[in-house]
Amino acid sequence: MANILIIEDDEVFSELLVMHLEDKNHQPQVAHTLEQARKLVADNIPDAILLDQQLPDGFGIDILKEVTEHSPHPPVIMITGVSDNTLAIQAMRLGAYDFIRKPMDEFELDTTLTNALKSHRLSRQVSAITQAKDYQVDIDQIIGRSPSILKICKTIGSVASRNAPVLITGESGTGKEVVARALHHHSGRTGLFLPINCSALAENLLESELFGHEKGSFTSALARKEGKFEQAIDGTLFLDELGEMPGSLQAKLLRVLQDGSFERVGGTQTLHSNARILAATNRDLTEMVSTGRFREDLFYRLNVIHMHLPPLREHMEDLSLLTEHLLAKINVRQHTAVKHLAENAWRRMKEYQWPGNIRELDNILTRAAVLARTDTITVDLLALPNELRNENLNTEATEGFPTLRLISLDEIEQEHVRAILEHTRWHKGKACEILGISRPALERKIAKYGLG
Ligand SMILES: Nc1ncnc2c1ncn2[C@@H]1O[C@H](COP(=O)(O)OP(=O)(O)OP(=O)(O)O)[C@@H](O)[C@H]1O
Ligand SMILES: [Mg+2]
């Protein structure tokens, strides 16, 4: 049994939470405002806090900051309908235990709460609080509401302020650089974010770019040059396409990772860098290690925190949000005024596999927007290659219409939603993932068809 403080202004939702928690033998208390919450916390520190973001007299994140300033502090689980990923990052960075989106899955809440209480009891919780910072800076936002993107954002929030290296893997165009920039942005580091593409330069040039060189160390070295490791002091060095780094440089990189020390090319003085190292690759490094093309010791050093970005075809439920976001950016960048997608264009986009992921989506939309003569993108403007259409499409059923049934789309939808819910044993989160729709959309369909 635990004392749980619910900070939530929605009376119906808080009452549901109270009933649910009492069922689980907890002692819940409700505060509808920040002011009430502050009083209750001052009287008696709860064992855990469930926190909403939008409250009548302020934001949940404000009280999160106050609570996590003390150590140890009760675990705070944010439960919010706010769909902004920056909030998830910010909450995790400020020391929230977890971040759950509404509409909430009771099972998810129970598991999270049990784990939170356990780790609190064992006082194992290490708070990663650093100075609160203004997050209003305009960064390349991470768009997406799928569970996999939320997980990425939560990890960014938890690890941004640490010094350990992060290895970011994922197919080309999945957003590895976007994630690297977000990690730097939320790190609290005062230095620069410096990206360097390890595949773009010949070995000796890459070495000099990274470590710098002394005057006269090679023919064209007319003056001393600082390398990225020096320039990124107090900042972040992003080693892109790490899989392409030549073996000799891998050894030098390992040394900087071990103790921060290195020498400029042609130099004898040992220098030190405290730059945080982020690395990205679309290659399979484990396989490269096993075939001797990538140093095993370097791999383990870099792989302290590993973030894997899913290909777009595995989070297609984000396609519409991403399209909206990218089109808004394209309209500004290209001075276009595209507002709509024709239905056939949208259908084709949902069927397509997107082998080049979000970058390909951006390219395809940019070309279509520039070519469009009206404010609508039609399927011909997308120019998507036919052979790459989603293999999951059931082609058999359309050939010769052997299974043609004269029923309406609504009936097909109803049958399909029901089948998926049964398949997932009514795990609505999983059903949403498979159906590629949002949770509220699923709830609407359940109500519409009287399922359940
Ligand atoms: N989650 C996201 N939300 C919004 N835009 C995104 C997201 N992920 C990627 N993008 C956009 O997609 C494009 C590709 O992203 P990025 O350059 O980070 O991919 P990458 O994984 O580094 O690709 P590559 O392996 O080809 O270098 C960029 O224009 C980026 O702004
Ligand atoms: Mg990249």
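Note that the structure is a prediction, hence the values are computed from the model and not measured.

### Brief notes about the overall build of the chain
So, point 1. Looking only at helices and strands, the chain has 20 helices and 18 strands in total.
So, point 2. Overall, the chain is about 80 × 70 × 45 Å in size when its C-alpha atoms are taken along their principal axes.
So, point 3. Counting only contacts in the chain whose residues sit at least 6 apart along the sequence, the fraction spanning at least 24 positions is 69%.
So, point 4. For the chain, the accessible area works out to roughly 23300 Å², and carbon and sulfur atoms hold 50% of it.

### Description of the confidence of the model for the chain
Caution applies to low-pLDDT parts of the model: their predicted coordinates are not meant to be read in detail.
So, point 1. When pLDDT is averaged along the chain, the result is 85, and 90% of the positions lie at 70 or above.
So, point 2. Of all helices and strands in the chain, the one with the weakest mean pLDDT is helix α17 (residues 395–398) (38), whereas strand β8 (residues 166–169) scores best (97).
So, point 3. Confidence over residues 123–139 falls short of pLDDT 50; this stretch has 26 contacts with residues more than four positions distant or in other chains.

### Considering the packing of aromatic side chains
So, point 1. The full count for this structure, using the stated rule, is 6 aromatic pairs.
So, point 2. A centroid spacing of 5.9 Å and a plane angle of 25° characterise the contact between Phe-193 and Phe-238, whose relative ring orientation is stacked. Here the residue Phe-193 occupies a position in strand β9 (residues 193–197), and Phe-238 occupies one in strand β12 (residues 236–240), the gap between them amounting to 45 residues. Each member of the pair, Phe-193 together with Phe-238, is buried.
So, point 3. When the ring of Phe-299 is compared with that of Tyr-300, the centres are 5.4 Å apart and the planes differ by 65°; the resulting orientation is edge-to-face.
So, point 4. Ring-pair connections join several aromatic residues into one group, and the members of that group are Phe-211, Phe-229 and Phe-262.
So, point 5. The ring of Phe-211 carries the charged tip of Lys-252 above its face, separated from the ring centre by 4.5 Å.

### Quick notes on the pairing of strand β1 (residues 3–7)
So, point 1. Counting buried positions along β1 gives 4 out of 5 residues, so the element sits mostly inside the fold.
So, point 2. Taken together, the 5 bridges between β1 and strand β2 (residues 27–31) define a ladder with parallel strand orientation. The residue bridging Asn-3 from the neighbouring strand is Gln-27, located in β2.
So, point 3. For the segment spanning β1, helix α1 (residues 11–23) and β2, crossover handedness is right-handed.
So, point 4. Sheet topology note: the β1/strand β3 (residues 48–51) ladder contains 4 bridges and is parallel. When the sheet's bridge partners are listed, Ile-7 is paired in β3 with Leu-51.

### Notes on the nonpolar core
So, point 1. Leu-51, Leu-64, Ile-156, Val-179 and Leu-183 are the most contacted members of the largest nonpolar core, which totals 44 residues.
So, point 2. In terms of residues, this core owes the most to one element, helix α6 (residues 147–159), which gives 6 residues.
So, point 3. When near neighbours in sequence (up to four residues on either side) are disregarded, Leu-183 contacts Ile-156, Val-159, Ala-160, Val-166, Ile-168, Leu-278 and Met-307.
So, point 4. Core analysis: the second largest hydrophobic core is formed by 30 residues, Phe-211, Phe-229, Leu-239 and Leu-242 among them.

### Some words on the environment of Leu-382
So, point 1. Position of Leu-382 among the secondary structure elements: in helix α16 (residues 379–382).
So, point 2. Residue Leu-382 is classed as buried on the basis of its relative accessible area, which comes to 0%.
So, point 3. Along the backbone, Leu-382 and Leu-361 are 21 residues apart, and their C-alpha atoms lie at a distance of 9.8 Å.
So, point 4. Not counting the four nearest positions on each side in its chain, Leu-382 is found in contact with Ala-345, Met-349, Ile-364, Arg-367, Ala-368 and Ile-377.

### Brief notes about a negative patch on the surface
So, point 1. A cluster of like negative charges, contributed by Asp-9, Asp-10, Glu-11, Glu-15, Glu-22, Asp-23 and Glu-106, occupies part of the molecular surface.
So, point 2. For the negative patch, the element with the most residues is α1, which contributes 4 residues.
So, point 3. Its place among the elements puts Glu-22 in helix α1.
So, point 4. Take Glu-22: its relative accessible area is 46%, and that puts it in the partly exposed class.

### Side note on the sheet that holds β12
So, point 1. One open sheet accounts for 5 strands, arranged β9-β12-β15-β8-β16; its pairing is parallel. In this open sheet, the two edge strands, each paired with only one partner strand, are β9 and β16 (305–308). For this sheet, the mean angle separating the axes of adjacent strands, direction not counted, is 20°.
So, point 2. Here 4 bridges tie β8 to β16, and the two strands are oriented parallel to one another. Its bridge partner being in β16, Ile-168 is matched across the sheet by Met-307.
So, point 3. Sitting on the sheet, helix α7 (residues 176–185) touches β8, β9, β12, β15 (276–281) and β16, and the angle it makes with β8 is about 155°.

Scoring rules and cut-offs
- Residues numbered from 1 in each chain as written.
- Chains lettered and ligands numbered in written order.
- Predicted model: local features only at pLDDT ≥ 70, side-chain atom pairs only at ≥ 80, totals over all residues.
- Heavy atoms only, no water.
- Helix = DSSP H or I, 4+ residues; strand = E, 2+ residues; numbered from the N terminus.
- Contact = heavy atoms within 4.5 Å.
- Areas by Shrake-Rupley, 256 points an atom, 1.4 Å probe, with all protein chains shown as cover.
- pLDDT = per-residue confidence, 0-100.
- Phe/Tyr/Trp six-rings, centres within 6.5 Å; stacked < 30°, edge-to-face > 60°.
- Buried < 20%, exposed > 50% of the residue type's maximum accessible area, 1.4 Å probe, protein only.
- Lys NZ or Arg CZ within 6 Å of the ring centre and 35° of its normal.
- Pairing = 2+ DSSP bridges.
- Right-handed = clockwise from strand over helix to strand, strands pointing away.
- Core = buried A, V, L, I, M, F, W, Y, C linked by side-chain atoms within 4.5 Å.
- Patch = residues over 30% accessible without salt bridge, like charges linked within 9 Å, V, L, I, M, F, W, Y side chains within 5 Å.
- Salt bridge = Lys/Arg side-chain N within 4 Å of Asp/Glu carboxyl O.
- Lys, Arg positive; Asp, Glu negative; His and termini not counted.
- Charge placed at Lys NZ, Arg CZ, Asp CG, Glu CD.
- Axes fitted to C-alpha atoms, helices over the stretch in contact; angles between N-to-C directions.

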